[in-house]
Structures are given as structure tokens and as C-alpha cells.
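# Summary of structural features
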Amino acid sequence: MKDRITGAKALMRALQAEGVKTIFGYPGGSIMPVYDALFDYTRGEKKCFDHILVRHEQGATHAAEGYARVSGEVGVALVTSGPGVTNTLTGIADAMLDSTPIVVIAGQVPITALGTDAFQEVDLVGVSQPISKWAYQIRRAEDVAWAVSRAFYIARTGRPGPVVLDFAKNAQTEEFDWEPKKVDFVRSYVPYPKLDDEALRQAAELINNAKRPLALVGQGVELGNAQEELKAFLEKADIPAGRTMLGLSALPSDHPLNVGMLGMHGNYAVNLKEQECDVLIAIGMRFSDRVTGNTKTYAKQAKIIHLDIDRSEIDKNVKTDVAVVADCKESLPALTALIHENYHGQWRDSFKPLDEKERLKVIEPAIHPKEGPLLMGEVVNAVAQQANDDAILVTDVGQNQLFATRYFKYHHKRSICTSGGLGTMGYGMPAAIGATFAAPHRQVCCFMGDGGFQMCIEELGTIMEQQTPVKMILLNNNYLGNVRQWQDMFWMRRKSFTKMQNPCYELIAQGYGIPYQAVTTREDLEAAVSRMLATDGPFILECAIKEDDDVLPMTPPGMNVNDMMLEI
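Residues numbered from 1 in each chain as written. Predicted model: local features only at pLDDT ≥ 70, side-chain atom pairs only at ≥ 80, totals over all residues. Heavy atoms only, no water.

## A closer look at the overall build of the chain
Within the chain, the secondary structure is distributed over 24 helices and 20 strands. Over its C-alpha trace the chain gives a radius of gyration of 24 Å, about what one expects of a compact globule, namely 24 Å for 568 residues. In terms of overall dimensions, the chain has a C-alpha envelope of 75 × 60 × 45 Å along the principal axes. The buried share of the chain, reckoned over its 568 residues, is 60%. Taking contacts inside the chain between residues at least 6 apart in sequence as the whole, the part at least 24 apart equals 77%. In the structure as shown, the chain presents an accessible area of about 22800 Å², 50% of it carried by carbon and sulfur atoms. Of note, the chain has its 57 positive side-chain charges centred 3 Å away from the centre of its 71 negative side-chain charges. (Helix = DSSP H or I, 4+ residues; strand = E, 2+ residues; numbered from the N terminus. Rg over C-alpha atoms; globule rule 2.2 N^0.38 Å. Buried < 20%, exposed > 50% of the residue type's maximum accessible area, 1.4 Å probe, protein only. Contact = heavy atoms within 4.5 Å. Areas by Shrake-Rupley, 256 points an atom, 1.4 Å probe, with all protein chains shown as cover. Lys, Arg positive; Asp, Glu negative; His and termini not counted. Charge placed at Lys NZ, Arg CZ, Asp CG, Glu CD.)

Right under this line is the structure:
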């Protein structure tokens, strides 16, 4: 006997087949048949999903991103049509730029109403195509299983990214004879390119002959689950490695070959040494402008090897000498087999005087100030010192992000969630919610500025309802701090609309029933952090920060990486 079900129920079965366990969503008219079907799948004997009701659709996408980053699985957001789905576009674009696998499923008006400017009708496929890996409109119930399977296949394979499914309301309510589908091939889509043996040989030859090799480690190592393969490669050839912001937890902070964070506000030594190395090995990173500075002068002395799964990244920003296009889970061990055991002690030792210079001029004053107001660096350091070894760092965007990523410690893989390519303020709080569902037994520490905190402040409602144990550290300097710093440095200190009048966060915390403490002096900081981390459930720790606290070091935009400034 045939199993006849609606398209909405077919979606439930298709998501179940993909191993989905958590859905972040917000209901509405055009997705109501799906939510009605979901009712039975979130309770009782049929329960297989946890649905997390967010307070804004942008929050659903960022929560799905946080879930995906920490779990390594595909995050799922479920929303309605019109403004419901246009609210997700920022999260979709964020996921695209940061290679985060999410599937956004949105309701749509019935196909008979398409093109009539019907209530809450938006051309979602047209709007989302440029910022997603694939966007598709489901017009018939019988296409649900195929479309969902294809969506998850595209989202999670190759270079991951967001996929959008526009689900017409008629397709949700129509009945059809259920038949499961499994997509594991798409014509013209080659997610895992074949390794080129000649490219591997050329790369190994350059590495074996290098006197001053330097590896640049990106998020591709995390996405490819190649953390152990990376360590084996670096250790065999004794290669120092810098990490991009999104790749910070691909290599533990205390690994002897870790030489710090790359980029505009990264560590001093590794940025300068990019201009001295003779072989530069980029692994799963895209040579962002925030890493390279002026590309016309970037690493011109070096032979450049680029390992990346995405062929379109090769030679896009920086010309390479050898390209190894493949999944780093495959390319790294293949390359490790061809390289010689080596020792580059003199080269690695040359980093130490620069590290010491940064420590004395920047790090010590930032994390151990002797007087004056609280600084962001010392707050981050205080949390890092007391947090569990497996703690996950989530940040919003701005100075809070830059200080947090610099001074937090990373001991385990998939320990950082932050918005890189798009730089999305408001990302932090919902992403932290997603991270807690991905890893419920790990501490989640979310650093936010007063600007970003207010951009998705409504998600405190989600935290309240779910009692998600997010430890929120609010670094409050009453400014849009990063913009203020740039105004001071490059715009003659003309602080145009960056000063903020903030609400009473204690009253806001009380309204949501979330434990809260304010810290205004460093004498109270350690005990407050201890109380926060020991509290079950969520906590807001508001720290009154020096208003003109600046992030250093810094490479001014458009300048050479070796023009990095240790002081202003």
C-alpha cells in the first residue's frame, strides 16, 4: 500500500533522513503547513527534532551558523515568506563568505499567486542566488525529497555554504505518494577535485628546499576536519604556522609551531615574517585583504603554495607558484608523505625578538594594566584564564571581536565562532545560542560590544525561554569602538555618530530573568568572572571599559603587512 502524505510531512521525513536534530525558526502564514507537521515531530513518540523559537529570522540564520561551526553538521533555519525570509539574507550572505553550511527553508505563496504581488511574496530565488551555493523553488510536493537531499548535499560537500529552499504553499499541502530520494551527484558540480600528483611533487620540492618556510592556516582545515593532518605536516618539516581569525582553533594556542594570528590586528612577528619567508604555504585560506594588506607588495620574495578545495580561490587575490586543489584532509597527508623531516630552529628563533617586542609594548599593557579603567584585553584574559579548556569563543563584530580572538586560548578544534568575511554586527548572541545546542557540554563564552549586543538583543528572549547557558560578556565603552578608533586614527578625531547612549542593561537582564553582574574596577573582575562561569544557565557580565581603548597592533588599511603599528 502506498504511503500518501503532504509535502509538509515529506519535509519532516526528508530532514530526518539528513540527520537533522535541531531547527531554528519562526513561524508565519506561508510556512504554517510545515509548522503544523512539525508539531508532531517535536513531541511524543515521534519526536526527532528540537525546534528553537528565535525572536527574529536573522537570529535563526546566525544560530544555524553557530550550530554548524561547532558541530560540523548542517545548520537549519525555517522561516516564512516576505519579510520573514528577507530577514535571513544577512545570515545567508554571512554563511556564504565564511563557508558555513546552512539550509534555509522558507515558505512562499502558492504558485498560482506567483507574480501577482501577493501578500508577502518575494522573489527569493532571484534575491538569494548571488549569496548562496544553490537556491531552488519547490513547486510540487513530489519534489520535496529530491530538493532537500540535493540541498544538504550541496551545503555540506566541497567548500561548504548556504543553500536556500523556497517552498511554495501549495507544495506544502498537496498530497503525493512518498518515495525517499538520495542525491550524491550533481552534474557539473565537483566538490572534491582529484589530487594532481605533479602539483604535489612541485610543492614538496619547494618545501624541502626552503630555509624559511611559513604556513598560513585557515578555516579550511577545520571544515575539512584535518586538524591532526595539519599537525603531522607542520611537525615533520618543522614549519611555523600563523592562523587566520576563522582558523584560530585549527591549531592549539600552545602548540610550539603556532606563531600567532594573521591579519590587520594579528600578531606582530608572523605578519612581518610573511615578508621574509622564502616559501609561503597557504592551507585552506583565501588571502583576504585583512590578511594580505597591500597585495602589490605582499610576500613578493616568497614562492607561494596554495592548498584549497575551491579552484576559484587560486590566483584570485595572490599569484601562486604551485596550486594543490583538493580537500586538505586528502592533500595534507599526501604532501606530508613527500616532504623531508627538517629542522628550522634558527628561522623559528627569529620570531622571538618580535614576539617579545609585542609582548612588552602591547600585550602586557593590554592584559595587566596597573591603573585606570578596565581594558578589553584584561577582561578577555581574565575569562580565558578561568574558562574550561574546551570552551568555545563566540564574538560579535568590532573591537570586542579583535580583542577576544587575540587573547582567548584555543585548545580544541571548532572552538571559535565569529563573523569574518561579512563582519556582521548582531552575529554574536544568536550564534552563541546555536553553539550551545551543538555542544551542550562545552562552555560558550560570547563577547559583545554595546553596539552589537543591541543589534540582536531580542534573542535574549530565546535565551530566556531555552535557558541556553551562554556566558555573555558585554564590553561596554559607550561607543561604536572600532569605528571610533578609525575616526581617531584616519579622520582627524571627528567622532561622527559613534558615541552611544545606552540603556540600563541590569534592568534588561532582570526583564528576561537572566543573572547579571556589573564590573567597574579590576579588583572585582576575577570574582565576577568566577561567578559567571560557575552559574548554571545564562549570565550577563557587563564590564565598564575605557572609552578610547584601541586595538593594537594594527596594519592600516591598504598598507603593507610589515607596516604594522605597535602604537598610535
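## Focus: the sheet that holds strand β14 (residues 322–325)
Strands pair in a sheet through their backbones, by hydrogen bonds, and they do so in one of two ways: parallel or antiparallel. The strand order β11-β10-β9-β12-β13-β14 describes an open sheet built from 6 strands, whose pairing is parallel. Looking at strand neighbours, the two that pair on one side only are β11 (258–261) and β14, the edges of this open sheet. Averaged over all adjacent pairs, the angle separating strand axes in this sheet is 20 degrees, with direction ignored. Sheet topology note: the strand β9 (residues 213–217)/strand β10 (residues 241–243) ladder contains 3 bridges and is parallel. Residue pairing for β10: Val217 is matched across the bridge by Arg243. Strand contacts of helix α9 (residues 197–209): β12 (279–283), β13 (303–308) and β14, with the helix running at about 130 degrees to β14, the strand carrying the most contacts. (Pairing = 2+ DSSP bridges. Axes fitted to C-alpha atoms, helices over the stretch in contact; angles between N-to-C directions.)

## A short note on the state of the cysteines
For the structure on display, the rule yields 0 disulfides. Of the cysteine sulfurs around Cys445, a residue in no disulfide, the closest is that of Cys446, at 9.1 Å. Classification of Cys445 as buried rests on a relative accessible area of 0%. (Disulfide = S-S within 2.5 Å.)

## What about the pattern of salt bridges?
Applying the stated rule across the entire model yields 32 salt bridges. Note that Asp177 and Arg4 form a salt bridge whose closest N and O atoms lie 3.1 Å from each other. On the criterion of sequence distance, the pair formed by Asp177 in strand β8 (residues 175–177) and Arg4 in strand β1 (residues 4–6) is long-range, its members being 173 residues apart. Looking at Arg4, the relative accessible area reads 48%, which means it is partly exposed. Measuring nitrogen to oxygen at the nearest pair gives 2.7 Å for the salt bridge that ties Glu378 to Arg522. You can see Glu378 sitting in helix α17 (residues 376–386) and its partner Arg522 sitting in the loop between β19 (516–519) and α24 (525–534), a full 144 residues away along the chain. Using a relative accessible area of 6% as the deciding quantity, one classes Glu378 as buried. When salt bridges that share partners are traced, they join Arg484, Asp488, Arg493, Lys495 and Asp550 into one network. (Salt bridge = Lys/Arg side-chain N within 4 Å of Asp/Glu carboxyl O.)

## Points about the sheet that holds strand β7 (residues 163–168)
Sheet architecture is open: 6 strands sit in the order β3-β2-β4-β5-β7-β6, paired in parallel fashion. At either margin of the open sheet sits one strand with a lone partner, and together these are β3 (50–53) and β6 (134–138). In this sheet, adjacent strand axes meet at a mean angle of 20 degrees when their direction is disregarded. Sheet topology places strand β2 (residues 22–25) next to β3; 4 bridges connect them, and they run parallel. By the bridge assignment, Ile23 is partnered in β3 with His51.

## Description of the environment of Gln275
Secondary-structure assignment places Gln275 in the loop between α12 (268–273) and β12. By relative accessible area, which is 16% here, Gln275 ends up buried. In this structure, Gln275 is in contact with Thr297, Tyr298, Ala299, Gln301, Val561 and Asn562, ignoring residues within four places of it in sequence. A distance of 3.4 Å separates a polar atom in the side chain of Gln275 from a polar atom in the side chain of Asn562. (Polar contact = N/O pair within 3.5 Å; in protein donor to acceptor, adjacent residues only side chain to side chain.)

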